[in-house]
Amino acid sequence: MEKEWMEALSPKHLMVMLCSLSQTYADFNWQICQVSGQYELDDEESVQVAEFLVNLVLKGAGVTMRIE
């Protein structure tokens, strides 16, 4: 945050959000599969979920890439 690569966010709330995002898929896998019409999340779906969550967090935190 000091280098302004991301928004000034509460580290505590950011960590809570990261934990809750990942834990949701661990705790509610069955419900997620029911909603998506799948028996279980396969490897391809797991990669898509990971890419979605990373993108969501990075954009939500205003992370920017700077080449110096």
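Note that the structure is predicted; figures quoted are calculated from it, not measured.

Colleague: Which parts of the structure should I look at to understand helix α3 (residues 43-60)?
Modeller: Its 18 residues place the ends of α3 25 Å apart at the C-alpha level, agreeing with the 26 Å of an ideal helix rising 1.5 Å per residue. If you check which residues of α3 are buried, you get Val-49, Leu-53 and Val-57. Buried residues along α3 cover an arc of 55° about the axis, so they all sit on one side. For α3, the exposed residues lying more than 90 degrees away from the buried face are Asp-43, Glu-44, Glu-51, Phe-52 and Lys-59. As for α3, its buried residues are in contact with α1 (11-27). Of the residues trailing α3, Gly-62 is marked for its positive phi of about 70°.

Colleague: Got a minute to help me understand the environment of Gln-38 in this structure?
Modeller: Tracing the chain through its elements places Gln-38 in the loop between α2 (29-36) and α3. Taking the relative accessible area as the measure of exposure, Gln-38 reaches 24% and is therefore partly exposed.

Colleague: What is the right way to read a negative patch on the surface from this model?
Modeller: The grouping of Glu-40, Asp-42, Asp-43 and Glu-44 at the surface amounts to a negative patch. With respect to the helices and strands, Glu-40 occurs in the loop between α2 and α3.

Colleague: Teacher, can you tell me more about the packing of α1 against α3 here?
Modeller: Two quantities define a packed helix pair, namely the angle between the helix axes and the distance between the axes. Between α1 and α3, whose axes approach to 12 Å, the crossing angle comes to 165°. Between α1 and α3, the angle falls in the class roughly antiparallel. α1 and α3 meet at a crossing whose hand is right-handed. Residues Met-17, Leu-18, Leu-21 and Tyr-25 of α1 form the contact with α3, whose participating residues are Val-49, Leu-53 and Val-57. Along the lines of polarity and charge, the residues of the contact of α1 with α3 split into seven nonpolar, no polar and no charged.

Colleague: Looking at this structure, how should I read a nonpolar patch on the surface?
Modeller: A surface patch of nonpolar side chains, amounting to about 250 Å² of accessible area, comprises Met-15, Met-17 and Leu-18. Take Met-17: it is sitting in helix α1. Its relative accessible area of 34% is what places Met-17 among the partly exposed residues.

About the thresholds
Residues numbered from 1 in each chain as written. Predicted model: local features only at pLDDT ≥ 70, side-chain atom pairs only at ≥ 80, totals over all residues. Heavy atoms only, no water. Helix = DSSP H or I, 4+ residues; strand = E, 2+ residues; numbered from the N terminus. Expected span 1.5 Å × (residues − 1). Buried < 20%, exposed > 50% of the residue type's maximum accessible area, 1.4 Å probe, protein only. Arc of directions from axis to C-beta. Contact = heavy atoms within 4.5 Å. Patch = residues over 30% accessible without salt bridge, like charges linked within 9 Å, V, L, I, M, F, W, Y side chains within 5 Å. Areas by Shrake-Rupley, 256 points an atom, 1.4 Å probe, with all protein chains shown as cover. Salt bridge = Lys/Arg side-chain N within 4 Å of Asp/Glu carboxyl O. Lys, Arg positive; Asp, Glu negative; His and termini not counted. Charge placed at Lys NZ, Arg CZ, Asp CG, Glu CD. Axes fitted to C-alpha atoms, helices over the stretch in contact; angles between N-to-C directions. Parallel < 35°, antiparallel > 145°, perpendicular 65-115°, else oblique. Left-handed = near helix turned anticlockwise from the far one by under 90°. Nonpolar A, V, L, I, M, F, W, Y, C, P; charged D, E, K, R; others polar.

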